[in-house]
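Given next are the chains, with one letter for each unit.
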Amino acid sequence: MQVTLKILRFDPAKDKKPRWETYQVEAEPTDRVLDLLHKVKWYQDGSLAFRRSCGHGICGSDAMLINGKNRLACKTLVKDLGSVITVEPIRGLPVEKDLIVDMEPFFAAYRAVKPYLINDEPPPQRERLQSPEERARFDQGTKCILCASCTTSCPVFWVNGTYIGPAAIVQAHRFIFDSRDRGKRERFKALGSGSGVWRCRTAYNCTEACPREIPVTQLIEEVKRAILFDSF
Amino acid sequence: MDPLKEPVPVMPTAHYAMGGIPTTLWGQVIKDEKNTVVPGLYAAGEAACVSLHGANRLGTNSLGDLVVFGRRAGIHAARFARDADYHELTEEHLGESRERIERIKNSTGKEKVAALRAELQQSMMDNASVFRTGELLQKQVEILKELMDRYKRISIDDKGDAYNTELVEALELGYLLEVSEALVHSALNRTESRGAHAREDYPERDDENWLKHTLAYKVEDGKVAFRYKPVVLGRFEPKARTY
Amino acid sequence: MAIKSKRYQEARLEASTNLELYWWVFMRVSGVVLVFLLIGHMWMNAVLVDLNSIDYDYVAKRLSQTTWKVYDWLILALALLHGGNGLRYVLDDWVRDPAKRFWTKVVIYSLLAFLFFLGSLSLFNYDYGVN
Ligand SMILES: Cc1cc2nc3c(=O)[nH]c(=O)nc-3n(C[C@H](O)[C@H](O)[C@H](O)COP(=O)(O)OP(=O)(O)OC[C@H]3O[C@@H](n4cnc5c(N)ncnc54)[C@H](O)[C@@H]3O)c2cc1C
Ligand code: HEM
Ligand code: SF4
Ligand code: FES
């Protein structure tokens, strides 16, 4: 089938503002949007810039705004979109070139919640054991691939970038609810501040955007509750 | 798609590359069979070859390798950096890299990176993948020569400096060609089957002649020289994998 | 507050108070309290008596009692605080320009303070001519 691909492009060396560019691409209904972008880049216009690596939904590098929704280009099929497809960079982060955005603010928020195991107690003789139930408690957060689909679909994040964002909270959740971790107080400092979880207005955009089907809003609410019960 | 009506498209992909940049147990790159270290150059991970995996890496062992030898390489590199003097970075050092980039940016040739890469991938899959024969490998040697020649005539649309992913792909194609060349020539040279290297014309393992590491050196396009390093056998004898 | 921190130490410095948590709790508690206060308010003014028969005398009589003064003042204070903080949320979420956001807040907060002052004044400073 013939697909009309509209891409919002921006070249920092030439453009003052992003501009729409339209391409006609021959595609199979089972092609992914990533395949279409490759067809353009490899055979029509080599200057098109976008990130991708694994090609099968595990590295999280190709989140884009496709037909108005944040999705991974490598997991979105043409037949689910129709013959006119628009692709824009994810919102709320500075655009570097075409579909590539500066992820640094996103990763700064990620680092701020200390996304690693904190436990200063002397290590036991062998592993720190955990029951299957304790492991299941934080399972959902472990599926996150840091694609930023959630954070960049959040209206609160768009406005002035002062919100730590759903992805960082999901990552914090993964450790706060880990029975081996002792660092929740340190994380609560970043999460409880004016830029933390209390900015969440439960718009549910994040949950809809997550390609890993993580119930993001629910995890955010669980973190809110954890801070609440820790403070009173 | 509906698997009841249409066949499911299935294709093998590369899972791991055995071999790589030879290193010591501390991640220092070595350049010959006498284990001569290249000072200040380190390699770790899949790109490196500490000679942990033999001719066929077993499942899960890559990440073990990464964690253990990545740490060791890091520790050693930090120690090295503390004592080493900085060298002046002159035009002489930068020249070659700069020239590589400028050559690609300014070229007006007709060859397309994506088309060449697709040909490289397809021919490597056909002639140098799981089951190999001398005939097919020899054919691939010739194909690589031709591809390397055409690679000199590639050109790109994007002449910019910001996020020039087209330039990166073009540079990477050059490296892919070089790695393919090392692989194909070594595979043709090794007249036995061992681990993941399966020659249909030499189906047996030949410890008498081939219980040794191959070091491949590029002489010029299409010409690869070999040196050999003995295998350090520890507790385990090489054995056929019978399961 | 903006996320500026690139390091954990900076993040720790940036994160300071529990203020936002208290506001979050307040919104929920005051919301629930307001439900009952307003039900009571409507019960007084629309169910017990016919809405159309409410006149100055009826209101004046009610407001001459301290209990009702405090009751109405609670509605006034909670509604203004709850509504005001709710508006602050809305402004923080939707007004992008920091300068505009600041001045909108100045105007809104002044208006709220004025309403609160006026309301309190009329509740407590008159005896409504009833003894
Ligand atoms: C599908 C699949 C499943 C696997 N499953 C397992 C498993 O279950 N267990 C196991 O042990 N192993 C597994 N492996 C193998 C293992 O995952 C890899 O060997 C390992 O991840 C390699 O890690 P690395 O850090 O060495 O290299 P990589 O993870 O490949 O990292 C290389 C990095 O270098 C960057 N890079 C490349 N070029 C440049 C450049 N010019 N400048 C700057 N940066 C550059 C790349 O962007 C990349 O980030 C699997 C591999 C695959 C493909
Ligand atoms: C009937 C009783 C009420 C209840 C149960 C209630 C409950 C709440 C709660 C829980 C919130 C917080 C929402 C959040 O954090 O995302 C809220 C927000 C808000 N409330 Fe109320 N409220 C009530 C009455 C009022 C009244 C009387 C006003 C106006 C004076 C008001 C104005 C607001 C505003 C403007 C917001 C912010 C909206 C937003 O965040 O998008 N509420 N309310
Ligand atoms: S929570 Fe989901 S949408 Fe958000 S970064 Fe992780 S994988 Fe992406
Ligand atoms: S390319 Fe890795 S997630 Fe899409």
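As recorded in an unreviewed UniProt entry, chain C goes by Succinate dehydrogenase and comes from Thermus parvatiensis. Its UniProt record gives chain C the following Subcellular location (unreviewed entry) comment, quoted word for word: "Membrane".

With that settled, the discussion passes to the overall build of chain B. Counting secondary structure elements, chain B contains six helices and eight strands. Its helices and strands taken in sequence order, chain B reads β-β-β-β-α-α-α-β-α-α-β-α-β-β from the N to the C terminus. The long-range share in chain B, meaning contacts at least 24 apart out of those at least 6 apart in sequence, stands at 62%. By element, 57% of the accessible surface of chain B is carried by carbon and sulfur atoms, the whole surface being about 16100 Å². Between the mean site of the 34 positive side-chain charges and the mean site of the 39 negative ones, chain B shows a separation of 4 Å.

What follows is about the site of ligand 3. Residue and element names in this part refer to chain A. Lining the immediate surroundings of ligand 3 are Cys144, Ile145, Leu146, Cys147, Ala148, Ser149, Cys150, Ala167, Cys210, Pro211, Arg212 and Ile214. In a pocket analysis with a 2 Å cut-off to the grid points, ligand 3 is assigned to the largest cavity. Its residues placed into classes, the shell around ligand 3 shows 10 nonpolar, one polar and one charged.

On to the domain arrangement of chain B, then. Domain assignment breaks chain B into domain 1 (21–82) and domain 2 (101–202). On a C-alpha basis, the centres of domain 1 of chain B and domain 2 of chain B stand 25 Å from each other.

Right, let's talk about the site of ligand 1 for a bit. Residue and element names in this part refer to chain B. Inspection of the region around ligand 1 gives His15, Tyr16, Gly45, Glu46, Arg57, Thr60, Asn61, Ser62, Leu63 and Leu66 as its neighbouring residues. Side-chain polar atom of serine 62 to an oxygen atom of ligand 1: 2.7 Å apart, as the coordinates give it. At 2.9 Å from an oxygen atom of ligand 1 is found a main-chain nitrogen or oxygen belonging to leucine 63.

Attention now goes to the sheet that holds strand β3 (residues 63–66) of chain A. All names here are of chain A. The strand order across the open sheet formed by five strands is β2-β1-β5-β3-β4, and the pairing between neighbours is mixed. With partners counted over all chains shown, the strands left at the sheet margins are β2 (19–26) and β4 (69–72), one partner each. Strand-to-strand twist across the sheet, computed as the mean angle between neighbouring axes with direction ignored, equals 35°. Sheet topology places β3 next to strand β5 (residues 84–88); two bridges connect them, and they run antiparallel. In the sheet register, leucine 65 faces β5, and the bridge partner there is glutamate 88.

Quick look at the nonpolar core now. By size, the foremost hydrophobic cluster in this structure holds 66 residues, and its most contacted members are Leu5, Leu37, Ile85, Val87, Tyr163 and Leu191 of chain A. The element best represented in this core is helix α9 (residues 216–231) of chain A, accounting for seven residues. Counting only domains with at least three residues in this core, you end up with domain 1 (2–101) and domain 2 (104–231) of chain A. In terms of nonpolar packing, the next biggest core, distinct from the first, is built from 21 residues, Val141, Leu144, Met148 and Leu167 of chain B among them.

Further remarks concern the packing of aromatic side chains. Under the counting rule described, the total for this entry stands at 10 aromatic pairs over all chains. Look at phenylalanine 107 of chain A and tyrosine 110 of chain A: their rings are 6.1 Å apart centre to centre, the planes differ by 70°, and that puts the pair in the edge-to-face class. In this pair, phenylalanine 107 of chain A and tyrosine 110 of chain A are both assigned in helix α2 (residues 104–112), three residues apart and thus about one turn of the helix distant. Overall, the relative accessible area of 26% leaves phenylalanine 107 of chain A in the partly exposed class. Ring geometry for tryptophan 198 of chain A versus tryptophan 24 of chain C: centroids 4.8 Å apart, planes at 45°, classification tilted. One end of the pair, tryptophan 198 of chain A, is in the loop between α7 (184–192) and α8 (205–209); the other, tryptophan 24 of chain C, is in helix α2 (residues 19–47), on a second chain. Under the relative-accessibility criterion, tryptophan 198 of chain A is labelled buried at 2%. Tryptophan 24 of chain C sits in the buried class, given a relative accessible area of 10%. An aromatic cluster is defined as three or more aromatic residues linked by ring pairs; in this entry it consists of Phe106, Phe107 and Tyr110 of chain A. In this structure, arginine 174 of chain A packs its charged tip against the face of phenylalanine 175 of chain A, placed 4.2 Å from the ring centre.

A word on the pairing of β4 of chain A. Note on strand geometry: in a regular strand, side chains alternate between the two faces of the sheet. All names here are of chain A. The side-chain alternation of β4 yields one buried face, formed by Asn70 and Leu72, and one unburied face, formed by Lys69 and Arg71. Pairing of β3 with β4, which is carried by four bridges, proceeds in the antiparallel orientation. From the neighbouring strand, methionine 64 faces β4, where its bridge partner is arginine 71.

The subject of this paragraph is the interface of chain A and chain B. Contacts between chain A and chain B engage 18 residues on the former and 13 residues on the latter. Interface area, chain A with chain B, both sides summed: about 1100 Å², of which 53% is carbon and sulfur. Among the residues chain A hides against chain B, the three largest losses belong to Lys41, Trp42 and Lys97 of chain A. Together they make up 37% of the total. There are two salt bridges connecting chain A and chain B. A salt bridge links lysine 97 of chain A to aspartate 158 of chain B; the shortest N-O distance between them is 2.7 Å. The tally of links between chain A and chain B comes to six residue pairs in polar contact (both at pLDDT 80 or more). Among the elements that line the side of chain A that touches chain B, the one with the most residues is helix α1 (residues 33–43) of chain A, at three residues.

Scanning the model with the defined rule gives 49 salt bridges over all chains in all. The residue glutamate 91 of chain B makes a salt bridge to arginine 98 of chain B at a minimum N-O spacing of 3.0 Å. Taking the shortest distance from any N to any O, the salt bridge between arginine 101 of chain C and aspartate 92 of chain C comes out at 3.9 Å. Using a relative accessible area of 15% as the deciding quantity, one classes arginine 101 of chain C as buried. Connected through shared salt-bridge partners, Arg190, Glu192, Arg194, Arg205 and Asp207 of chain B make up one network.

The subject of this paragraph is empty space enclosed by the protein. Throughout the structure, instances matching the rule amount to three cavities of 30 Å³ or more. What the largest cavity holds in volume is close to 90 Å³. Tallied by class, the residues present in the lining of the largest cavity amount to 12 nonpolar, one polar and one charged.

What counts, and at which threshold
The numbering scheme is per chain: residues are counted from 1 as the chain's sequence reads. A letter from A marks each chain and a number from 1 marks each ligand, given out in the order of writing. The model is predicted, so local features are restricted to residues of pLDDT at least 70 and side-chain atom pairs to those at 80 or more, both for listing and for counting; the totals for chains, interfaces and linings are taken over all residues. Computation of side-chain values: all heavy atoms of the structure, hydrogens and water removed. UniProt positions are given in the numbering used here, feature names are shortened, and annotations may be inferred rather than shown by experiment. Comment: elements are numbered from the N terminus, with helices defined as DSSP H or I runs of at least four residues and strands as E runs of at least two. What makes two residues a contact is simply this: any of their non-hydrogen atoms within 4.5 Å. Using a 1.4 Å probe, accessible areas were evaluated by the Shrake-Rupley method; residue-level cover was limited to the displayed protein chains. Think of it this way: Lys and Arg go in the positive column, Asp and Glu in the negative one, and His and the chain ends go nowhere. For charged residues, the charge sits on one atom: NZ in Lys, CZ in Arg, CG in Asp, CD in Glu. Neighbouring residues are identified by heavy atoms, a residue being near a molecule or strand if any of them is within 4 Å of it. Cavities and pockets are found on a 1 Å grid laid over the protein atoms alone: a cavity is a set of points where a 1.4 Å probe fits but cannot escape, a pocket is an open set with protein on both sides within 12 Å along at least five of seven lines, and a lining residue has an atom within 4 Å of such a point. Those molecules having more than half of their atoms within 2 Å of a cavity or pocket grid point set are described as sitting in that cavity or pocket. Polar here means any residue outside two lists: the nonpolar Ala, Val, Leu, Ile, Met, Phe, Trp, Tyr, Cys and Pro, and the charged Asp, Glu, Lys and Arg; Gly therefore counts as polar. Delimitation of the domains relies on an automatic or database domain assignment. Whenever two N or O atoms come within 3.5 Å, that pair is a polar contact, provided that in protein one can donate a hydrogen and the other can accept it, and provided that, for residues adjacent in sequence, both atoms are side-chain atoms. Whether two strands pair comes down to DSSP finding at least two bridges between them. Fitted lines through C-alpha atoms serve as axes, helices being fitted only where they are in contact, and the angles separating the N-to-C directions of these axes extend from 0 to 180 degrees. For our purposes a nonpolar core is just a set of buried Ala, Val, Leu, Ile, Met, Phe, Trp, Tyr and Cys residues, chained together by side-chain atoms within 4.5 Å. To sort residues, take the accessible area from a 1.4 Å probe on protein chains only and compare it with the maximum for the residue type: under 20% means buried, over 50% means exposed, and anything in between is partly exposed. Pairing of aromatic rings covers Phe, Tyr and Trp, the last through its six-membered ring, and needs centres within 6.5 Å; plane angles under 30 degrees mean stacked, over 60 mean edge-to-face, and all others mean tilted. When the NZ atom of lysine or the CZ atom of arginine is within 6 Å of a ring's centre and also within 35 degrees of its normal, the charge is said to sit over that ring. The term buried area refers to how much accessible surface (probe radius 1.4 Å) is lost by two components on association, counted for both of them together. A side-chain nitrogen of Lys or Arg and a carboxyl oxygen of Asp or Glu constitute a salt bridge if their distance falls within 4 Å. Grid points are joined across faces, edges and corners, and a volume is the space filled by probe spheres set on the points.

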